[in-house]
Structures are given as structure tokens and as C-alpha cells.
Amino acid sequence: MENKLMLMIPGPTPVPENVLLALAKHPIGHRSGEFIQIQADVTANLKWLYQTTNELLLLTASGTGTMEAGIINFFSPGDRVLVIHNGKFGERWALVSKAFGLDVVEVTAPWGQPINPADVQAALTADSAKAIKGVIITHSETSTGVINDLETINKHVKAHGALIIVDAVTSMGATNVPIDEWGLDVVCSGSQKGFMVPPGMGFVAVSAKAWEAYKTAKIPKFYLDLGKYRKDGAPFTPPVNLIFALQASLEMMKKEGLENIFARHHRHRDACRAAVKAMGLELYAPDGHGSPAITAVSTPAAEEIRKVMKKKYDIVLAGGQDHLSGQVFRIGHLGFVCDRDILSALAALEGTLAELGTGKSNGAGVAAAAQILSSK
Ligand SMILES: Cc1ncc(COP(=O)(O)O)c(C=O)c1O
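Everything numeric in this text was worked out from a predicted model, so none of it was measured. (Residues numbered from 1 in each chain as written. Predicted model: local features only at pLDDT ≥ 70, side-chain atom pairs only at ≥ 80, totals over all residues. Heavy atoms only, no water.)

Caption draft 1: Focus on the overall build of the protein chain. When its secondary structure is counted, the protein chain shows 14 helices and 14 strands. Overall size of the protein chain, expressed as C-alpha extent along the three principal axes, is 60 × 55 × 35 Å. For the protein chain, contacts bridging at least 24 residues in sequence account for 73% of all contacts bridging at least 6. Summed over its atoms, the accessible surface of the protein chain is roughly 14,800 Å², and 54% of this surface lies on carbon and sulfur atoms. With 36 positive and 36 negative side-chain charges, the protein chain shows a spacing of 2 Å between the two charge centroids. (Helix = DSSP H or I, 4+ residues; strand = E, 2+ residues; numbered from the N terminus. Contact = heavy atoms within 4.5 Å. Areas by Shrake-Rupley, 256 points an atom, 1.4 Å probe, with all protein chains shown as cover. Lys, Arg positive; Asp, Glu negative; His and termini not counted. Charge placed at Lys NZ, Arg CZ, Asp CG, Glu CD.)

Caption draft 2: Representation of the nonpolar core in the model. Core analysis: the largest hydrophobic core is formed by 52 residues, its most contacted members being L46, Y50, L184, V187, F195, F203 and L246. If you tally residues by element for this core, the top one is helix α10 (residues 240-256), at 9 residues. In contact with Y50, not counting residues within four places along its chain, are L56, M172, V177, I179, V187, C188, S189, F195, F203 and A205. Grouped together as the second largest cluster of nonpolar side chains are 31 residues, F74, L102, V186 and L226 included. (Core = buried A, V, L, I, M, F, W, Y, C linked by side-chain atoms within 4.5 Å. Buried < 20%, exposed > 50% of the residue type's maximum accessible area, 1.4 Å probe, protein only.)

Caption draft 3: Summary view of the pairing of strand β12 (residues 294-298). Counted residue by residue, β12 has 4 buried out of 5 residues, so it is predominantly covered. Direction of pairing for strand β11 (residues 282-283) relative to β12: antiparallel, over a ladder of 2 bridges. Across the sheet, the residue bridging to E282 is S298, located in β12. (Pairing = 2+ DSSP bridges.)

Caption draft 4: Just the pattern of salt bridges, in detail. Counted under the stated rule, the structure contains 15 salt bridges. With a closest N to O distance of 3.2 Å, K88 and D322 form a salt bridge. In this pair, K88 sits in helix α4 (residues 88-99) while D322 sits in the loop between β13 (315-319) and β14 (328-332), placing the two residues 234 residues apart along the sequence. Overall, K88 belongs to the partly exposed group, its relative accessible area being 22%. A salt bridge links K277 to D287; the nearest nitrogen and oxygen atoms lie 2.9 Å apart. One end of the pair, K277, is in helix α11 (residues 258-278); the other, D287, is in the loop between β11 and β12, with 10 residues separating them in the sequence. (Salt bridge = Lys/Arg side-chain N within 4 Å of Asp/Glu carboxyl O.)

Dropping the structure here:
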């Protein structure tokens, strides 16, 4: 049906109507007093969401742009960094780091498995010369639906003393990432994820320790030179209308409250996982390590399922990436997603399984989800 599309992918995520309406306003000059006030308001609310008093910089860039900024501002060519990865986005950090001449050492886990914090601890303990200048990690690995134990890994990084650079692209606004409490140095995210805003903006939080590293970092930079954004919040023309939209979405988030936002994402993760099991399908991430933003389901019927979901039910699910193409489908439950959306998507999934004659489609999946949604 026309105009009935339901996005259940991990970004871009659905956008509330009042946020869309904010986008439709006339643009205003970014040097006007009115805009400067809006930017100040948005930055204060972003800091609330990021749970930090660190500087919070807003870039006209997607998440990958913030990742690049997170590398080029704090290191010099030849610096050693430890890149921790267990999926496509973690691997991207290694690619970005290598592109700028860093000496990359890696701690990995197979796709679909969480990083073992003890492996990180071992790599850092072995570095008695303190050659590792930074540790880089993807918190919620969107390609596999695995969330890494950032809190424990960060403790090992703190014991070592390197900077910690975090991709919180699909964990910010979905689960607790208390930047100041944990002492995270550089934290990256993007507007089209938990922020309920269309793509186009990226956010980077930078600690005092990271600014110290910035002073001696020698990788060439210009547009993504964070020092420029620190000095003047908008050194280049910012996406004025996206910032109007962000102002509206952050107001909504403040009304809901951080704890409620996190609880909603966790509830949706639990409901999807219970339903998938009851439908006789296989979860890609093990229990206890499922991302609150996305649930990946392993099935050779992944592409057929996605096709029917789209054609018959107007629900868009994400496919598998790289070698997981055709092997998994991914249900995004990030941002502006309510219990009804989850139940609708899961009911449509059961209908799809019935049509394709695969898995179990006796209503047990929806019942399992409904049980979780009603009890939490
Ligand atoms: C965990 C993670 N990191 C980085 C990115 C890259 O973000 P972008 O596509 O906005 O550049 C994504 C995008 O889905 C992501 O999920």
C-alpha cells in the first residue's frame, strides 16, 4: 500500500511527525542569534543524552565521518592503535586507521560472537612499553546484532592508559553509555540511528584527555579538524533544518527519560529474541549479547522472507552484510519504535513464514513477544 512503509532497519530509522515538521521550517542563517541559541540548546540536550560534560561536537557527516574524525584528530602516522572487531563496522575502524597510516594491531572475535574482554586485557598487559596509543571499539555491532561489553573492556583500557575511542553509532540512545562515569574519551554516533532524525549529522564527544592528544596529533585534516568545531560550534554551514529536527527529537527524548528509553529498547530486543526462538528460527547473536538496537536472524530463507515482508506487509527488514548476505535478516528496533511496531512486525513475520512454509507459524512467536511486552 502506498505511504504505509514501516522501516525496521537499523538506520535510517523511523522519524516522528513533529520531527519531520521541524525539518519543513524555513531555514535561518547559521550566524543569527536565533540559530546560535538553538545550537546551544541542542548541544546541551545532546550532552544530556551522552551523559557527559565533555565537549560535544556536531558534524555534517554520517557515522563514518565521525569515525574518521575520531582517528585523524588524535593520532599521528605510525602510532599504534588496538582495533577490537567482530563484524563489519569494527573492521571499518581498522580500514580507516590503516588509511591514515596508523600501525594497527587487532583483537577479534568471529562475526556473531562478542569480544572476550580477557583477550583485550591480555593484549594491553603485553604492551608493557605502552606503545598502544588508542583502543578502538564498536559497542553495538550492527552487522551481527552483537553488543560488546564496553564497560569491562574500558576498565582494561583505563588500567593501561591508552585513549578509548568508541563507535556508539547504534548504542547511543538505545542503552546506557555513561561517558563521564566510564571515562570514555571519544564517542561517535549519527543522527539516523537512535536520535529519530534523518541521516546527515554526526556527533562526537571528546574528553580533556583526548584534547591533550589532539595537541600533538599530526595526521593532516581540514574539514574534520575538531579543533575548529571546538572553537566555533559551526565552522562551516551546518545542516540547519536537521538541527531543527534534532531539537524536536531531543525534546521528545527528554520527556520519555533516559531510563525509559533504554528499558524500551531492551524490552524490544527481548521480545524479538523470544519470538524468533518460538518461530523456530536461529538467533545470530548468543543470549546475553544481543544488541538492544537490532536482532539478526540466521536462515537460508533470509532474502525470501525480506521480499515477502516488503511486498505483502510493507515492512522493510535489513539483509545480511558481506559474507552474511542471503544468510541472515536483521530486524531494526532502534529509535522511534513502539511495542505495537514490534508486535506488527513479528505477526507479519509469522505470516511470511506460513506463506513460505518455513519455521513455525502457529502464533507462538507473537505470543512470546506479547508476554514479554506485557510483563515489562
Ligand atoms: C555500528 C555502526 N558504525 C558505523 C556505521 C556507519 O555509519 P554511516 O553509514 O552513517 O556512515 C554504522 C551504520 O550503520 C553502524 O551501524
